[in-house]
Amino acid sequence: MEIIEVQYNWANGFIPRATTDAIVLHHAESPRCTAQDVHRWHLDNGWAGIGYHYFVAKDGTVYRGRPRDVVGAHVENHNWHTIGICAEGNYHPSDRIPVDTQMPVVQKNSIVGLCHELLTVYSGAQILGHRDLLATACPGEYFPLVEIQQAVRNGQNIQEVLSMFPDTNGHWAAQDIEWLRQKGIIKGDEQGNFRPDQPITRAEVVSLLARTLRTLGVQ
Ligand SMILES: [Zn+2]
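Computed from a prediction, not measured in an experiment: that's the story for all the values here. (Residues numbered from 1 in each chain as written. Predicted model: local features only at pLDDT ≥ 70, side-chain atom pairs only at ≥ 80, totals over all residues. Heavy atoms only, no water.)

Things to note about the sheet that holds strand β1 (residues 3-4)
Now for step 1: With mixed pairing, the 6 strands of this open sheet are ordered in space as β1-β4-β3-β5-β2-β6. Of all the strands in the sheet, the pair left with one neighbour each is β1 and β6 (126-129).
Now for step 2: In terms of strand pairing, strand β3 (residues 54-56) meets strand β5 (residues 82-87) through 3 bridges, oriented parallel. Among the inter-strand pairings, Tyr 54 is bridged to a residue of β5, identified as Ile 85.
Now for step 3: Contacting β2 (22-27) and β6, helix α3 (residues 145-153) runs over the sheet at an angle of about 175° to β6. (Pairing = 2+ DSSP bridges. Helix = DSSP H or I, 4+ residues; strand = E, 2+ residues; numbered from the N terminus. Contact = heavy atoms within 4.5 Å. Axes fitted to C-alpha atoms, helices over the stretch in contact; angles between N-to-C directions.)

Thoughts on the pattern of salt bridges
Now for step 1: Under the criterion given, the structure shown has 9 salt bridges.
Now for step 2: A salt bridge links Arg 96 to Glu 29; the nearest nitrogen and oxygen atoms lie 3.4 Å apart. Within this pair, whereas Arg 96 is found in the loop between β5 and α2 (105-121), its partner Glu 29 is found in the loop between β2 and α1 (35-44), the two being separated by 67 residues in sequence.
Now for step 3: Where Asp 37 meets Arg 40, a salt bridge forms, and the shortest distance between an N and an O atom there is 3.0 Å. Highlighted residues: Asp 37 and Arg 40, both in helix α1, separated by 3 residues, approximately one helical turn. (Salt bridge = Lys/Arg side-chain N within 4 Å of Asp/Glu carboxyl O.)

What to know about the nonpolar core
Now for step 1: Grouped together as the largest cluster of nonpolar side chains are 24 residues, with contacts concentrated most on Ile 23, Leu 25, Ile 85, Ile 111 and Phe 143.
Now for step 2: Elements represented by at least two residues in this core include exactly β2, β3, β5, α2 and α3.
Now for step 3: Looking at this core element by element, the count peaks at 5 residues for α2.
Now for step 4: Excluding residues within four positions of it along the chain, Ile 111 makes contact with Leu 25, Val 56, Ala 87, Met 103, Phe 143 and Ile 148.
Now for step 5: Listed in part, the 11 residues of the second largest apolar core include Tyr 8, Ala 35, Ile 50 and Ala 57. (Core = buried A, V, L, I, M, F, W, Y, C linked by side-chain atoms within 4.5 Å. Buried < 20%, exposed > 50% of the residue type's maximum accessible area, 1.4 Å probe, protein only.)

Structural notes on the coordination of the zinc ion
Now for step 1: Within the protein, the zinc ion binds to His 26 (ND1), His 130 (ND1) and Cys 138 (SG); these donor distances fall in the range 2.0 to 2.2 Å.
Now for step 2: In primary-sequence terms, the residues that donate to the zinc ion follow H-x103-H-x7-C. Highlighted residues: His 26 in strand β2 and Cys 138 in the loop between β6 and α3, separated in sequence by 112 residues.
Now for step 3: For Cys 138, a relative accessible area of 8% puts it in the buried group. (Donors = N, O, S within 2.8 Å, 3.2 Å for Na, K, Ca; no water.)

With respect to the confidence of the model for the protein
Now for step 1: Of all residues in the protein, 96% have pLDDT values of 70 or greater, and the mean over the chain is 91.
Now for step 2: The low-confidence segment residues 156-161 (pLDDT under 50) makes 9 contacts with residues lying over four places distant or belonging to another chain.
Now for step 3: In the predicted assembly, ipTM is 0.99 and pTM is 0.73. (pLDDT = per-residue confidence, 0-100.)

Topic: helix α5 (residues 174-182)
Now for step 1: Among the residues of α5, Ala 174, Ile 177 and Glu 178 are the ones counted as buried. Projected onto a plane normal to the axis of α5, the buried residues spread over an arc of 95° and lie on a single side. Turned more than 90 degrees away from the buried face of α5 sit Gln 175, Asp 176 and Trp 179, all of them exposed. (Arc of directions from axis to C-beta.)

Some thoughts on the environment of Glu 5
Now for step 1: Turning to its location among the elements, Glu 5 is positioned in the loop between β1 and β2.
Now for step 2: Residue class for Glu 5 comes out exposed when judged on its relative accessible area of 51%.
Now for step 3: Separated by 58 residues in sequence, Glu 5 and Tyr 63 place their C-alpha atoms 6.1 Å apart.
Now for step 4: Separated by 2.9 Å, the side chains of Glu 5 and Arg 64 make a polar contact. (Polar contact = N/O pair within 3.5 Å; in protein donor to acceptor, adjacent residues only side chain to side chain.)

A few points about the packing of aromatic side chains
Now for step 1: Per the counting criterion, the structure on display carries 5 aromatic pairs.
Now for step 2: Ring geometry for Trp 10 versus Phe 14: centroids 4.8 Å apart, planes at 80°, classification edge-to-face.
Now for step 3: Residue class for Trp 10 comes out partly exposed when judged on its relative accessible area of 29%.
Now for step 4: Here Phe 14 falls in the partly exposed class, since its relative accessible area comes to 27%.
Now for step 5: Consider the rings of Phe 55 and Tyr 63, whose centres lie 6.4 Å apart with planes at 50°: the pair is tilted.
Now for step 6: Classification of Tyr 63 as partly exposed rests on a relative accessible area of 25%.
Now for step 7: Among the aromatic residues, those joined into a ring-pair cluster are Tyr 8, Trp 10 and Phe 14. (Phe/Tyr/Trp six-rings, centres within 6.5 Å; stacked < 30°, edge-to-face > 60°.)

See the structure below:
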């Protein structure tokens, strides 16, 4: 999994983390923000800088926060034994800020993939929501915590979760659909679904043929 390195100006040094038995999931409580925004907010708290170890944007890009093996600043009293992952977005009802009622599939898949990768280093670590450790709404009512926990637990399905369109699972054409998806010839809808049994429009046929010919190198 690609992790984008971010240049931060840290206010302090870090303490190495000796134990890691949980990965704690958060939301940024902000519908649009970057890892650098979070870094700035946390500097304003008087902290060393961004308190999370990872920041996952809505487009599924994973950014590094603090170094993986140091004590974070994301869940009071539990920073010494946990890793923190923050998702861009506000996944909790609010009358102050816009609310994200559904997490984009690409963001969800990146969080699952990141947890999966971290579990190869910290085997046996639990996947928790911030609210499992402290009285808080984080990561929010609309954050798909249970779905992510289940996907991570089903290690053998990770590849499917990461790549295939969720609605082609078990379809008779699933293998061919997945093959063409990997070649970039077919794409899903905004929800990340393929809708394998829906009719195709004339415009869709044209763009499908164009993508195929381009893939074959036709000028
Ligand atoms: Zn939180």
